[in-house]
Amino acid sequence: MDGVDQLDEIIPLLRALVSNITAEQLTVPSPCASFDVAGVLEHMIGGATAFAPAFRGGPAPTGDGGTESGTPQERFQRAMADLLDALHTPGAQERTIASPFGEVPGSMFARYVAFDGLVHGWDLATATAQAYAPAEQLVEEVGAFARSLVAPEMRDGDTFAAETEAPASAGALEHLVAFSGRRIPS
């Protein structure tokens, strides 16, 4: 399963989660130390808006990419639809993407976006008390990639925190989330 296939599964899960987030929940703290629910959404909107053009082979956006009007939930829906469309652009996986960790092939960056999306989906679900159950095989594949990608120097407390320990009863998703530096509630 390549990164685009992974995101074909993850983005609809994320969109469903976000469609159930209420305005009151936007200020709820999330397990992502830097963000409340609105902050997670803004982070994901910003990433999707910045990288969709790169997957299409176009220049970085000069404005907001049309994501500034509407609620965070509405803007998230538009940004994710655009990102998913961009990922399916012919040549998207072969293009070189200027990522936060250097220039990489689109195929590799799509896998990173899948990792980021899967973990932030858990953040949103946990903060808003929603069910979130990505397929185990998907989580395991994303986890294998993440473990090959995240180098010690990336654990700066901002990009990734130090790995935490998942409870003995934790599933694959909780182990991946703990690997990313989140604390898993017991």
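As shown above, the structure is provided for reference.
For every chain, the first residue of the written sequence is number 1, and numbering continues from 1 onward in sequence order. Per-residue local features of the predicted model are confined to residues with pLDDT of at least 70, and side-chain atom pairs are confined, for both listing and counting, to 80 or more; whole-chain, interface and lining totals are unaffected and use all residues. Only hydrogens and water are set aside when side-chain values are computed; all heavy atoms of the structure are taken into account.

Asks: Please clarify how the overall build of the chain should be interpreted in this entry.
Replies: Working definition: helices are DSSP H or I runs of at least four residues, strands are E runs of at least two. Numbering for both runs from the N terminus. The helix and strand inventory of the chain stands at 6 helices and 2 strands. Mapped from its N terminus to its C terminus, the chain presents α and β elements in the order α-α-α-β-β-α-α-α. Radius of gyration (C-alpha) of the chain: 16 Å, near the 16 Å computed for a compact globule of 186 residues. The C-alpha extent of the chain, read off along each of the three principal axes, is 45 × 40 × 30 Å. Each residue gets one of three labels from its accessible area relative to the maximum for its type: buried under 20%, exposed over 50%, partly exposed in between, using a 1.4 Å probe on protein chains only. Expressed as a percentage of its 186 residues, the buried residues of the chain come to 49%. Once local pairs closer than 6 in sequence are excluded, the contacts in the chain between residues at least 24 apart make up 67%. As presented, the chain carries roughly 8,700 Å² of accessible surface, and 54% of it is formed by carbon and sulfur atoms. For the purpose of counting charges, residues Lys and Arg are taken to be positive, whereas Asp and Glu are taken to be negative. His and the chain ends are not included. All charge positions are set by atom: Lys at NZ, Arg at CZ, Asp at CG, Glu at CD. In the chain, the 10 positive side-chain charges and the 25 negative ones have mean positions that sit 2 Å from each other. Computation of the radius of gyration draws on C-alpha atoms, with the globule rule given as 2.2 Å multiplied by the number of residues to the power 0.38. Note on definitions: a residue-residue contact is assigned when non-hydrogen atoms from the two residues lie within 4.5 Å. The accessible surface values rely on the Shrake-Rupley method and a 1.4 Å probe; as for residues, cover is taken only from the protein chains in view.

Asks: Would you explain unusual backbone geometry in this entry?
Replies: Excluding glycine, most residues fall at negative phi; most peptide bonds, likewise, are trans. In the Ramachandran plot, Ala-129 falls in the positive-phi region, its phi being about 55 degrees despite a non-glycine side chain. In this structure, Ala-129 sits in the loop between helix 4 (106–127) and helix 5 (136–149). Given the relative accessible area of 73%, Ala-129 is considered exposed.

Asks: I'm lost on the packing of aromatic side chains in this one. Help?
Replies: The relation between two aromatic rings is expressed through the spacing of the ring centres and the mutual angle of the planes. Ring pairs shown here join Phe, Tyr and Trp side chains whose ring centres sit within 6.5 Å, with only the six-membered ring taken for Trp; geometry is labelled stacked below 30 degrees between planes, edge-to-face above 60, and tilted in between. As enumerated under the stated definition, the model contains 7 aromatic pairs in all. Taken together, the aromatic side chains of Phe-51, Phe-55, Phe-101, Phe-109, Tyr-112, Phe-115 and Phe-160 make up a single cluster linked through ring pairs. Against the face of Phe-179 rests Arg-147, its NZ or CZ located 4.8 Å from the ring centre. Geometrically, a charge over a ring is one whose NZ (Lys) or CZ (Arg) sits within 6 Å of the ring centre while staying within 35 degrees of the ring normal.

Asks: Where do I start with the packing of helix 4 against helix 6 (residues 172–180) in this structure?
Replies: For any two helices packed against each other, the geometry comes down to the angle between their axes and how far apart the axes lie. Note on definitions: angles span 0 to 180 degrees between N-to-C directions of axes, and those axes are lines fitted to C-alpha atoms, for helices only across the stretch in contact. The interhelical angle for the contact between helix 4 and helix 6, taken along N-to-C directions, is 105 degrees, at an axis separation of 10 Å. In terms of orientation, helix 4 lies roughly perpendicular with respect to helix 6. On helix 6, the residues touching Phe-115, Leu-118, Val-119 and Trp-122 of helix 4 are Leu-173, Glu-174, Leu-176, Val-177 and Ser-180. Each residue receives one of three labels: charged for Asp, Glu, Lys and Arg, nonpolar for Ala, Val, Leu, Ile, Met, Phe, Trp, Tyr, Cys and Pro, and polar for the others, Gly being one of them. Across the contact of helix 4 with helix 6, the residue classes break down as 7 nonpolar, 1 polar and 1 charged. To sort the angles, those under 35 degrees are grouped as roughly parallel, those over 145 as roughly antiparallel, those from 65 to 115 as roughly perpendicular, and the leftovers as oblique.

Asks: Just to check I follow, could you spell out the pattern of salt bridges for this structure?
Replies: Two side chains that carry opposite charge are able to pair once their charged atoms sit near each other. Every case where a carboxyl oxygen of Asp or Glu lies within 4 Å of a side-chain nitrogen of Lys or Arg is listed as a salt bridge. Following the criterion strictly, the structure yields 4 salt bridges and no others. Residue Arg-56 pairs with Asp-82 through a salt bridge whose shortest N-O separation is 2.6 Å. With a gap of 26 residues between them, Arg-56 in helix 2 (residues 37–56) and Asp-82 in helix 3 (residues 72–87) connect regions that are remote in the sequence. Accessibility expressed as a relative area gives 31% for Asp-82, which makes it partly exposed. When the shortest N-O distance is used, the salt bridge between Arg-56 and Asp-85 registers 2.8 Å. With a gap of 29 residues between them, Arg-56 in helix 2 and Asp-85 in helix 3 connect regions that are remote in the sequence. Arg-56 gets classed as partly exposed once you look at its relative accessible area, which sits at 29%. For Asp-85, a relative accessible area of 48% puts it in the partly exposed group. Beyond isolated ion pairs, a larger network of salt bridges with shared partners links Arg-56, Asp-82 and Asp-85.

Asks: Hey, could you run me through the environment of Ile-45 in this one?
Replies: Here Ile-45 lies in helix 2. With relative accessibility at 2%, the residue Ile-45 sits in the buried group. Once the C-alpha coordinates of Ile-45 and Pro-105 are considered, the two residues, 60 residues apart in sequence, prove to be 21 Å apart.

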